[in-house]
Amino acid sequence: MSGADGDPWRRRRDLVRSSILAHLDNDEPGLVDLLAALCRGAAAHLELRGAAVNLMSSKGSEGVVAASDAACKDLVEMQFTSGEGPCHDAFALRRPVLAPDLASAREQRWRGYASLAVEAGVRSVFALPLHVGAAGLGVLDLYGEHPGALDDEQVAIALTFAQVATEILLDGRLTTADGNLDPDLESALDYRSEIFQAQGMLMIVLGIGLAESLSRMRAHAFGHGSPLVDLAHEIISGRVFEEGEI
Amino acid sequence: MIASGPLMDAFVEMADTLVDEFDLIDFLHHLAEHTAAISEASSVGLLLGDHDDRLTFMAATSSSAEHLELYQIQNLEGPCLDCFRIHQPVIVTDLSKAGGRWPAFAPLAVSKGFHSVHAFPLRLRDQVLGALNVFGVEQLPLDDADVRVIQALADVATIALLQERALAAAETLTQQLQGALNSRIMIEQAKGVVAQSNGVPVTEAFEQMRRYARQHHALLSELAVAMVTGELDPKDLRT
């Protein structure tokens, strides 16, 4: 993609990146610090109450890894005590779940959770799955204290926050090896078919999980400073990577 | 130009699918195949725009790496990108003269043996969700009636996208698009799993998956998940 100002992808990526940096409170941020800054940045930019990243697997919730504040952490956990909620649904359906008014009569999906959340001062929830195809890592939950839908631009920004959160979870970082943020090496979750085909192949070759397969491909490509799609082509055309090599 | 027999088959099959539960990606593949048969085109593909208006490959009559390149490049230039932006069909019957318009796309398409290319918008009210891309190895002239028929097929793709879960959940367009894009990724991942497990090329892996899904009345995306999670052994797909 070109770096033209008119490119909405580039513009939104830059916005999310600078928003994370503005909310970092640690000079050597680890994964949790980055995700907490992402939660605070998303809430601030979208003018919402707060946000949280909940890790999930096919077995269920693995716990809140980062949140903008303690109350938002509680709001996620509430979904798992009541056994229902947007976070559950977003993960299971692999698509965003948008609930602009929990107190609305039309909102019948999670009556138990909705009343608990409204009591805690939350009126809207937007749950965005952190997924790459069948590989599910978790959910980014955004909470608003007022009822109201996100407009198209806000949804697009929220999805960009979710994409960046997914990349942080896959890569364990937002930075390059020397600790500097390097926009040139930053690769979006590229939609090219070959990358996902190679991800499936490598998973079988190494006997690892689907998400880990992509993590390793990304680390290998970044480490060699080469495009991910080139590595994907190598894997598809039969280059065999042994354990330890990638 | 338009073959009426295949058009009727397509109409009957697609109407039949849309009234029941169906798999979107599988449906779009069928739609691409029908469009190719009806228009006598050599290759047909479908692209969807994501929330950043980036065009993403969804389905095609051939998803060999060779052809994928033709769709990938259209994020930068090409008939689909133009069609996506101007909200109108783009008809080019002689690609060899389109080098000025698309300096990268036109020579690439010609080098793969194509001489004509058309793109039709996936329209929804004042928006365009993506484009249907029709390639011909010969110059494929289309008259007004042909354009209307192929545009109608593109409209069917839009309807399918909106219809997929309309009965199950009141979803916004963004939610439906995100679901569609993610389903497509799942199917690519499963193709890789099947290709590696069964020692076949990815195109053959996809055929194995489609055949199995058809025989067992399974949704392609659910089969893809079963492949990736190991719930089903990819070897069971070989017949």
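All figures in this text were calculated on a predicted structure; none of them were measured in a lab. Numbering of residues starts from 1 in every chain and runs along the sequence as written. The lettering of chains begins at A and the numbering of ligands begins at 1, in the order of writing. Owing to the predicted nature of the model, reporting of local features is limited to residues with pLDDT of at least 70; listing and counting of side-chain atom pairs is limited to 80 or more, with chain, interface and lining totals taken over all residues. Excluded from the side-chain calculation are hydrogens and water; included are all heavy atoms of the structure.

**Remarks on helix H9 (residues 220-229) of chain B**
Three- or four-residue spacings in an α-helix give side chains the same orientation, since the helix completes a turn every 3.6 residues. Stated formally: Here's how the labels work: a residue is buried when its accessible area is under 20% of the maximum for its type, exposed when over 50%, partly exposed in between, all with a 1.4 Å probe on protein chains only. Secondary structure follows DSSP: runs of H or I at least 4 residues long count as helices, runs of E at least 2 residues long count as strands, and numbering of each begins at the N terminus. In this description, contact between two residues means that some pair of their heavy atoms is separated by no more than 4.5 Å.
Counting buried positions along H9(B) yields eight of 10 residues, so the element is predominantly enclosed. Along H9(B), the residues classified as buried are Leu220(B), Ser221(B), Leu223(B), Ala224(B), Val225(B), Ala226(B), Met227(B) and Val228(B). Contact partners of the buried residues in H9(B): helix H7 (193-206) and helix H8 (210-224) of chain A together with helix H2 (24-39), helix H7 (173-198) and helix H8 (202-215) of chain B.

**Examining the sheet that holds strand S1 (residues 50-57) of chain A**
Hydrogen bonds between backbone atoms are what pair the strands of a sheet, whose relative direction is either parallel or antiparallel. All names here are of chain A. Selection rule: Should DSSP find at least two bridges between two strands, the strands are regarded as paired. Only the contacting stretch of a helix is used when fitting its axis, a line to C-alpha atoms as for every element, and angles between N-to-C directions run 0 to 180 degrees.
In spatial order, the strands read S2-S1-S5-S4-S3; together these five strands make up an open sheet with antiparallel pairing. With partners counted over all chains shown, the strands left at the sheet margins are strand S2 (60-67) and strand S3 (97-99), one partner each. Between one strand and the next, the sheet's axes are offset by a mean angle of 20 degrees, whatever the strand orientation.

**A word on the nonpolar core**
Rule in force here: In these notes, a set of buried Ala, Val, Leu, Ile, Met, Phe, Trp, Tyr and Cys residues joined through side-chain atoms within 4.5 Å is what counts as a nonpolar core.
Core analysis: the largest hydrophobic core is formed by 118 residues, its most contacted members being Leu140(A), Leu142(A), Met217(A), Phe27(B), Leu48(B), Leu132(B) and Met209(B). Apart from residues lying up to four places away in sequence, Met217(A) is in contact with Ile195(A), Ala198(A), Gln199(A), Leu202(A), Leu228(A), Leu231(A), Ala232(A), Ile235(A) and Ile246(A). Tyr71(B), Ile73(B), Leu81(B) and Ala131(B) belong to the second largest nonpolar core, which has 27 residues in total.

**Overview of the interface of chain B and chain A**
What counts here: A quick way to say it: buried area is the sum, across both parts, of accessible area lost when two parts are put together, with a 1.4 Å probe. Here a salt bridge means any side-chain nitrogen of Lys or Arg lying within 4 Å of a carboxyl oxygen belonging to Asp or Glu. Definition of a polar contact: a pair of N or O atoms within 3.5 Å, with one able to donate and the other able to accept a hydrogen when the atoms are protein atoms, and with sequence-neighbouring residues admitted only if both atoms are side-chain atoms.
Tallying the contact residues gives 34 residues for chain B and 35 residues for chain A. Of all residues in chain B, His51(B), Arg54(B) and Gln189(B) bury the most surface against chain A, accounting for 19% of the area lost on that side. Seen at the junction of chain B and chain A, the total is two salt bridges. Between Asp52(B) and Arg12(A) there is a salt bridge whose closest N-O contact spans 2.6 Å. At the junction of chain B with chain A, the criterion picks out 11 residue pairs in polar contact (both at pLDDT 80 or more). Of all elements in the fold, only strand S2 (55-60), helix H3 (65-72), H7 and H9 of chain B reach the threshold of two or more residues within the side of chain B that touches chain A. No other element matches H7(B), which puts 17 residues into the side of chain B that touches chain A.

**Remarks on the domain arrangement of chain A**
Frequently, the measure chosen for interface size is the accessible area removed from exposure when the parts meet. Residue and element names in this part refer to chain A. Quick note on the threshold: The split of the chain into domains comes from an automatic or database domain assignment.
With domains assigned, chain A is organised as domain 1 (4-183) and domain 2 (191-243). Its C-alpha centre places domain 1 at a distance of 27 Å from the equivalent point of domain 2. With nine residues of domain 1 in contact, the opposing surface of domain 2 contributes nine residues. Approximately 700 Å² of surface area, both sides summed, lies buried where domain 1 meets domain 2, with 60% of it carried by carbon and sulfur atoms. Among the residues of domain 1 in contact with domain 2, Val132, Leu170 and Asp171 are the three that bury the most area, contributing 56% of the side total. Counting every contact that joins domain 1 to domain 2 gives one salt bridge. The closest approach of N and O atoms between arginine 218 and aspartate 171, which form a salt bridge, is 2.8 Å. On inspection of domain 1 and its partner domain 2, the count reaches two residue pairs in polar contact (both at pLDDT 80 or more). Of all the secondary-structure elements, those providing two or more residues to the side of domain 1 that touches domain 2 are strand S5 (135-144) and helix H6 (152-171).

**Description of the packing of aromatic side chains**
All names here are of chain B. Rule in force here: We call Phe, Tyr and Trp rings a pair once their centres come within 6.5 Å, taking the six-membered ring for Trp, and we label the pair stacked below 30 degrees between planes, edge-to-face above 60, and tilted otherwise. When the NZ atom of lysine or the CZ atom of arginine is within 6 Å of a ring's centre and also within 35 degrees of its normal, the charge is said to sit over that ring.
In this structure the tally under the stated criterion is six aromatic pairs over all chains. Their ring planes at 75 degrees and their centres at 6.0 Å tell us that tyrosine 71 and phenylalanine 135 sit as a pair that is edge-to-face. Here tyrosine 71, found in helix H3, pairs with phenylalanine 135, found in strand S5 (residues 127-136); they are 64 residues apart in sequence, far enough to count as distant. Each of the two residues, tyrosine 71 as well as phenylalanine 135, counts as buried. Ring-pair connections join several aromatic residues into one group, and the members of that group are Phe57, Tyr71, Trp102, Phe105, Phe114 and Phe135. Of note, lysine 191 hangs over the ring of phenylalanine 206, and the distance from its end group to the ring centre comes to 4.7 Å.

**Considerations on the confidence of the model for chain A**
Note the cut-off: Scored between 0 and 100, pLDDT is the confidence that the predictor attaches to each residue.
Confidence in the prediction of chain A, expressed as mean pLDDT, is 88, and 91% of residues score 70 or more. Predicted confidence for residues 175-186 of chain A stays below pLDDT 50, and this span has 12 contacts to residues more than four positions away or in other chains.

**Topic: the pattern of salt bridges**
Counted according to the given criterion, the structure contains 27 salt bridges over all chains. A salt bridge links Glu33(B) to Arg210(B), with the nearest nitrogen and oxygen atoms 2.8 Å apart. On the criterion of sequence distance, the pair formed by Glu33(B) in helix H2 and Arg210(B) in helix H8 is long-range, its members being 177 residues apart. Of the charged contacts, one joins Asp155(B) and Arg123(B) as a salt bridge, the two residues approaching to 2.8 Å between their closest N and O atoms. A residue pair is termed long-range when its members are at least 10 positions apart, and Asp155(B) in helix H6 (residues 144-163) and Arg123(B) in strand S4 (residues 116-124) qualify at 32 residues. Where salt bridges share partners, they join Arg11(A), Arg12(A), Glu153(A) and Asp52(B) into one cluster.

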